[in-house]
Amino acid sequence: MKIVVYAICKNEESFVDRWMDSMAEADQVVVLDTGSTDATVQLLRARGAAVTEEVISPWRFDTARNRSLELVPQDADICVCTDLDEVFHPGWRAALEKAWVPGAGQATYRYTWSFQDDGSEGVVFWYEKIHARHGYRWTHPVHEILQWAGPGQPGPTVTAEGIQLDHHPDSTKSRGQYLPLLELSVREAPEDDRNTHYLGREYFYYGRWDDCIRTLQHHLTMPTATWADERAASMRYIAKAYAAKGQMDAARNWYLQAIAQAPHLRESYTDLSMLLCEEQEWDGVLYFTACALAIRERPRTYICEAAPWGSLPHDLRAIAFYYTGRLAESLQEAKAALALSPADARLQDNVAKIEQALQANKQRAE
């Protein structure tokens, strides 16, 4: 079985050695460099990568990915698309060979997109950028995805348990190109609900509240926007935008709609709990955080944020119990929060303060 890694890059010399070490289990590594001005190309070649230099103009991620895919030899069996800021855990090839079956189209595997400040995992979902050599093309200027372009139907997607890919990005790199590329993507494919969702989310990141609300409300009307998880995410961003505008009743209403849309996700319950915490509606905080914590299975999709699966729900409950005079319950939740984020100084201080308050109450009772 011939496995080839392919990638695009630009000015990523600091990642070369780590990445090449990680990709060493492949039979071959091919890279499209799109205009590096540092030592990226020389370092990659010195480590054995086959590097082609080519400027993509106008810039589009799908064009660059497709050009890099063209560099993969025709006799490859499996293509593994990664970026230089990503790292496989050792043993990924063996796990892939074990999972792959004749005629398979893609493989899905565990991907850690972000990490917390203490080094623990942040956003985690399952990725599908491993695929058969023939029949696939990348599409969309940004947030590009693999699409089947061959005859007939694609082969099945296999689950590659044991493959772990970690993302360690360069935080200094700008994502300023994302918004215009997303706007272009929606103009090119206005019927694509996924792109519309991403565009509305990007408007939120830019603080363009009204554009966010308008775009995501449109997303919810699209006939193809049927995935409950993503619909709930649109509703949550609408709620956040209304909250940023100071329209709290509208924000609360949209959070409740998001909960009704996808009651199996923690995010909407936690977001609403945070809003209620700001408004000091403690019983509501306790109710909705309890709903969040009752969900025990973390989804494998990208609609899965780090905070609801970390210390946040317990932290909110500790605060709510504290301000309603239930110090024993508050301490229990504060300790649960601290156990999930042991390096958090604020959570450490919360535990100490609640313990002091409990001791003071005990002394007064005596």
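Where do I start with the side chain of Ser-234 in this structure?
Tracing the backbone shows Ser-234 in helix α8 (residues 228-244). Residue classification places Ser-234 among the buried residues on the basis of a relative accessible area of 0%. Reaching out from Ser-234, the side chain makes a polar contact with the side chain of His-219 at a distance of 2.9 Å. Beyond its immediate chain neighbours, meaning those up to four positions away, Ser-234 contacts His-197, Leu-216, His-219 and Leu-220.

It is not clear to me how the packing of aromatic side chains should be interpreted in this structure. Could you clarify?
The relation between two aromatic rings is expressed through the spacing of the ring centres and the mutual angle of the planes. One pass over the structure, following the stated rule, counts 18 aromatic pairs. Summarising the aromatic geometry, the rings of Trp-59 and Phe-61 are spaced 5.2 Å apart at their centres and angled 80° between planes, so their arrangement reads as edge-to-face. Each residue in the set Phe-88, Trp-92, Tyr-109, Tyr-111, Phe-125 and Tyr-127 is aromatic and connected to the rest through ring pairs, giving one cluster. Against the face of Trp-138 rests Arg-65, its NZ or CZ located 5.8 Å from the ring centre. Above the ring of Trp-126, the side-chain terminus of Arg-300 is found at 3.8 Å from the ring centroid.

What is the right way to read the environment of Leu-44 from this model?
Tracing the chain through its elements places Leu-44 in helix α2 (residues 40-46). Separated by 24 residues in the primary sequence, Leu-44 and Met-20 place their C-alpha atoms 7.8 Å from one another. For Leu-44, the residues in contact, after removing those within four places along its chain, are Cys-9, Val-16, Trp-19, Met-20, Val-31, Ala-49, Val-51 and Leu-84.

Sorry, what's going on with the state of the cysteines here?
Such a bond, covalent and formed between the sulfur atoms of two cysteines, is termed a disulfide. Summed over the entire model, instances satisfying the criterion amount to zero disulfides. Its sulfur unpaired, Cys-81 is 9.1 Å from the next cysteine sulfur, which belongs to Cys-79. For Cys-81, a relative accessible area of 1% corresponds to the buried category.

Help me out: how do you make sense of the pattern of salt bridges in this one?
Considering all chains together, one arrives at 29 salt bridges under this definition. The partner of Asp-17 in a salt bridge is Arg-47, and the shortest N-O contact between them spans 3.0 Å. Taken together, the positions of Asp-17 in helix α1 (residues 16-22) and Arg-47 in the loop between α2 and β3 (50-53) put the pair 30 residues apart, joining distant regions of the chain. According to the relative accessible area criterion, Arg-47 is partly exposed, its value standing at 33%. Among the ionic pairs, Lys-245 bridges to Asp-210, the shortest N-O distance being 2.8 Å. Note that Lys-245 is positioned in the loop between α8 and α9 (248-261) and Asp-210 in helix α7 (residues 209-221), a separation of 35 residues in sequence. With relative accessibility at 34%, the residue Lys-245 sits in the partly exposed group. Taken together, the salt bridges that share partners define one network made up of Glu-54, Arg-67, Glu-70 and Arg-137.

Is there a simple way to think about the layout of surface pockets in this case?
Leftover empty space is mapped by rolling, across the atoms, a probe with the size of a water molecule. The space that makes up the second largest pocket amounts to roughly 200 Å³. Taken together, Gln-116, Asp-117, Asp-118, Ala-307, Gly-310, Ser-311, Leu-312, Ser-341, Pro-342, Ala-343 and Asp-344 form the lining of the second largest pocket. The residue inventory of the lining of the second largest pocket, partitioned by class, reads four nonpolar, four polar and three charged.

I would appreciate a short explanation of unusual backbone geometry in the present structure.
The phi angle of most residues is negative, glycine excepted, and most peptide bonds adopt the trans form. Omega for the bond connecting Ser-57 with Pro-58 falls within 30 degrees of zero, at -5°, which places this linkage in the cis form. Positive phi, close to 90°, is recorded for His-140, a residue that is not glycine. Note on placement: His-140 falls in the loop between β8 (136-139) and β9 (145-148). Among the residues examined, His-140 registers a relative accessible area of 7% and is labelled buried. The phi dihedral of Gln-280 is positive, around 60°, even though this residue is not glycine.

Cut-off values and rules
Residues numbered from 1 in each chain as written. Predicted model: local features only at pLDDT ≥ 70, side-chain atom pairs only at ≥ 80, totals over all residues. Heavy atoms only, no water. Helix = DSSP H or I, 4+ residues; strand = E, 2+ residues; numbered from the N terminus. Buried < 20%, exposed > 50% of the residue type's maximum accessible area, 1.4 Å probe, protein only. Polar contact = N/O pair within 3.5 Å; in protein donor to acceptor, adjacent residues only side chain to side chain. Contact = heavy atoms within 4.5 Å. Phe/Tyr/Trp six-rings, centres within 6.5 Å; stacked < 30°, edge-to-face > 60°. Lys NZ or Arg CZ within 6 Å of the ring centre and 35° of its normal. Disulfide = S-S within 2.5 Å. Salt bridge = Lys/Arg side-chain N within 4 Å of Asp/Glu carboxyl O. 1 Å grid on protein atoms, 1.4 Å probe; cavity = no way out; pocket = protein on both sides within 12 Å on 5 of 7 lines; lining within 4 Å. Points joined across faces, edges and corners; volume = space filled by probe spheres on them. Nonpolar A, V, L, I, M, F, W, Y, C, P; charged D, E, K, R; others polar.

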